[in-house]
Amino acid sequence: MIQPERIRDLNDAAERGDGSYVLYWMQQAQRVGTNHALGLAIELANARGLPVVVAFGLMDDYPEANRRHYAFMLEGLAEVAAELRERSIRFVLRHGEPPRVALALAKEAAILVCDRGYLRHQVAWRRKVADEAGCRVVEVESDVVVPVETASDKAEYGARTIRPKIQRLRDDFLVGFTPEAVEHGSLDLDLESDFEALDPEAMLDRLKLDRSVDRVSRFKGGAGPARERLAAFIEEKLDGYADGRNEPVARQCSELSPYLHFGQISPLDLALAAKAAEGVDAEDRSGFLEELIVRRELSMNFVAFTQDYDSYAMLPGWARKTLGEHKRDKREHLYDEAALAAGETHDPYWNAAMREMRVSGYMHNYMRMYWGKKIIEWSKTPEDAFATTLALNNRWFLDGRDPASFANVGWLFGLHDRAWTERPVFGKIRYMNDRGLKRKFDIDAYVKWTETL
Ligand SMILES: Cc1cc2nc3c(=O)[nH]c(=O)nc-3n(C[C@H](O)[C@H](O)[C@H](O)COP(=O)(O)OP(=O)(O)OC[C@H]3O[C@@H](n4cnc5c(N)ncnc54)[C@H](O)[C@@H]3O)c2cc1C
């Protein structure tokens, strides 16, 4: 069942009566399993006796993306192509800006279905497609458990205010989803692709990408690796998660954020697996659901309702005020973005965290907090710190460029947080130091581990 709250008409255009297929323009939800947008496209097509076509627009210069991100994504798209073929669905992979590719294929479509993305360019692309497609365009929200506007109609102050709203609705949306079988295959349709999706390496060579950040060996893209990670997490790490998740050495967390970012796995699959897991303490289960649903969907809420989500100006007034009052405080150390990216600071713990990020495209959550707080301490101004942190975050993390990137970088500067005791440089925003690392876990073991990456 696709809950009606997930579905939204993006224009008033009528269906194209002589359309040859229902088009699913895939962008955010890069998967076949538990994909409500694909599911709706199949339902609409079956009801009209039409086939379904899935299209993806692959551009060379996707905002802020580099070779690291592309390699991971293309591995996932190869799986999408194979799984669609098994379901007799044609996957058309074309070179070009996603809306342009979607609009070209929309000319023959009865209806165009798209998934939902929350970032500015994703919203603008869908607007353009809805305005120009000349047929009905329907958006389906499949990458959250509770649809964003169903949970709340405004930017929330923090986890504290969105939590009860999400919890009230959560169980209504924690429902598995299996799409109908396809009644009319589209493999025989005469629709050209520009790439062979099953060959990610060839695509990676052909695209004109930012090659300054290389791919990683720690994460292989795709729904298959995502499902394996999820199974291992539920089996081995969910029990004990509530305490273990704050321990970078134990790494007792799912490490599924890159897969969620690219839509290679649905958050619903993670939530349902956690809910069904046996022999797990209630505290561990609810701790995981808190991060996956409340924290993650607070990020979507923030981006959806905050026009300038990537600018310093969007920080809460109290945070900008207190940081402004401490702008001229003396900084003991100053590093620019290049020195930070190279991990060349006086702090071995910070350098180790940066190494985890640079080499493996990921960093443990606890170290992300420490990492970001130190950049505030080591930058000339809070505005510089904000810009540098966001740039590093989005450049090196596989899960960067996500609503969670903007919300969490904002959190470093007081977003979704409260005022703490006033101190130099930070003013009243939360501070962290290396004594906390030493007190809470074996930070030297973490440093050693990062050297093995
Ligand atoms: C400075 C800073 C920058 C961050 N940048 C990003 C980023 O670019 N992309 C990103 O996805 N997350 C980011 N996070 C949030 C969090 O650190 C990661 O989502 C988490 O570490 C991913 O590891 P995991 O998949 O093992 O998480 P798990 O502990 O297994 O949690 C499950 C899922 O819940 C979600 N989640 C967990 N914590 C948060 C959180 N604080 N906010 C939102 N969602 C959360 C993630 O989707 C995660 O995969 C950042 C946090 C900080 C403090």
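As the structure is a prediction and not an experimental result, all values here were calculated from the model.

Some words on the overall build of the chain
When helices and strands are tallied, the chain shows 20 helices and six strands. Its C-alpha atoms give the chain a radius of gyration of 22 Å, near enough to 22 Å, the size a compact globule of 453 residues would have. Seen through its principal axes, the chain has C-alpha atoms that stretch 70 × 45 × 40 Å. In the chain, 80% of the contacts between residues at least 6 apart in sequence involve partners at least 24 apart.

Digging into helix α20 (residues 443–451)
Along α20, the residues classified as buried are Ile443, Tyr446 and Thr450. The arc that holds every buried residue of α20, seen down its axis, measures 50°, which confines them to one face. Facing away from the buried side of α20 by more than 90 degrees, the exposed set consists of Ala445, Lys448 and Glu451. The secondary structure elements touched by the buried residues of α20 are α15 (348–360) and α19 (434–440).

Describing the site of the ligand
By nearness alone, 27 residues border the ligand, and Cys253, Ser254, Asn365, Ser405 and Asn408 come closest of all. Partitioning the shell around the ligand into residue classes produces nine nonpolar, 10 polar and eight charged.

Structural notes on the sheet that holds strand β2 (residues 21–25)
In spatial order, the strands read β1-β6-β5-β2-β3-β4; together these six strands make up an open sheet with mixed pairing. Every interior strand has two partners, whereas the edge strands, β1 (7–9) and β4 (90–95), have only one. Taking the axes of each pair of neighbouring strands and ignoring which way they run, one obtains an average angle of 25° across the sheet. Taken together, the six bridges between strand β3 (residues 52–58) and β4 define a ladder with parallel strand orientation. Bridge pairing in β4 places alanine 55 opposite valine 92.

Some points on the pairing of β3
When you tally the buried positions in β3, you get seven out of seven residues, the bulk of the element. Side-chain alternation along β3 places Val52, Val54, Phe56 and Leu58 on one buried face and Val53, Ala55 and Gly57 on a second face that is also buried. Judged from the four bridges that link them, β2 and β3 form a sheet pairing that is parallel. Counted as the bridge partner of leucine 23 is valine 53 from β3. Regarding topology, helix α2 (residues 67–86) serves as the crossover connection from β3 to the parallel β4, and that connection is right-handed.

Comments concerning the packing of helix α6 (residues 159–173) against helix α12 (residues 282–305)
α12 packs onto α6 with a crossing angle of 110° between their chain directions and a minimal axis gap of 10 Å. As far as their axial angle goes, α12 and α6 are roughly perpendicular. The handedness of the crossing between α6 and α12 comes out as right-handed. Residue-level contacts link Ala159, Ile162, Arg163, Ile166 and Arg170 of α6 to Ile293, Val294, Arg295, Glu297, Leu298 and Asn301 of α12.

Here we look at the nonpolar core
The nonpolar side chains of soluble globular proteins are, as a tendency, buried together. Core analysis: the largest hydrophobic core is formed by 131 residues, its most contacted members being Val22, Leu23, Ala55, Leu112 and Val113. Residues within four places of alanine 55 in sequence aside, it is in contact with Leu23, Trp25, Met26, Val92, Arg94, Val101, Ala102 and Leu105.

Considering unusual backbone geometry
Backbone geometry places arginine 401, a non-glycine residue, at a positive phi of 65°. Its location among the elements puts arginine 401 in the loop between α17 (382–396) and α18 (403–412). Overall, the presence of 20 C-beta atoms within 10 Å leaves arginine 401 in the buried class.

Focus on the environment of proline 99
Within the fold, proline 99 resides in helix α3 (residues 98–106). Taking the C-alpha atoms as reference, proline 99 lies 20 Å from glutamate 196; in sequence the two are 97 residues apart. Once residues within four sequence positions are removed from consideration, proline 99 is found in contact with Trp125, Lys128 and Val129.

What to know about the environment of alanine 391
Positionally, alanine 391 belongs in helix α17. By C-beta crowding, alanine 391 is classed as partly exposed, having 16 other C-beta atoms within 10 Å. Taking the C-alpha atoms as reference points, alanine 391 and glutamate 337, 54 residues apart in sequence, are found 8.6 Å from one another.

Let's talk about the confidence of the model for the chain
Averaged over all residues, the pLDDT of the chain equals 97, while 100% of them reach at least 70. Mean pLDDT across the elements of the chain ranges from a minimum in α19, with 93, to a maximum in β2, with 99.

Observations concerning the environment of arginine 215
Mapped onto the elements, arginine 215 comes out in the loop between α7 (200–206) and α8 (223–236). Each residue touching arginine 215, except ones within four places of it in the same chain, is listed here: Arg67, Arg68 and Ala71.

Rules behind the numbers
- Residues numbered from 1 in each chain as written.
- Predicted model: local features only at pLDDT ≥ 70, side-chain atom pairs only at ≥ 80, totals over all residues.
- Helix = DSSP H or I, 4+ residues; strand = E, 2+ residues; numbered from the N terminus.
- Rg over C-alpha atoms; globule rule 2.2 N^0.38 Å.
- Contact = placed C-beta atoms within 7 Å.
- Buried ≥ 20, exposed ≤ 12 C-beta atoms within 10 Å, placed from the backbone.
- Arc of directions from axis to C-beta.
- Near = placed C-beta within 6 Å.
- Nonpolar A, V, L, I, M, F, W, Y, C, P; charged D, E, K, R; others polar.
- Pairing = 2+ DSSP bridges.
- Axes fitted to C-alpha atoms, helices over the stretch in contact; angles between N-to-C directions.
- Right-handed = clockwise from strand over helix to strand, strands pointing away.
- Parallel < 35°, antiparallel > 145°, perpendicular 65-115°, else oblique.
- Left-handed = near helix turned anticlockwise from the far one by under 90°.
- Core = buried A, V, L, I, M, F, W, Y, C linked by C-beta atoms within 7 Å.
- pLDDT = per-residue confidence, 0-100.

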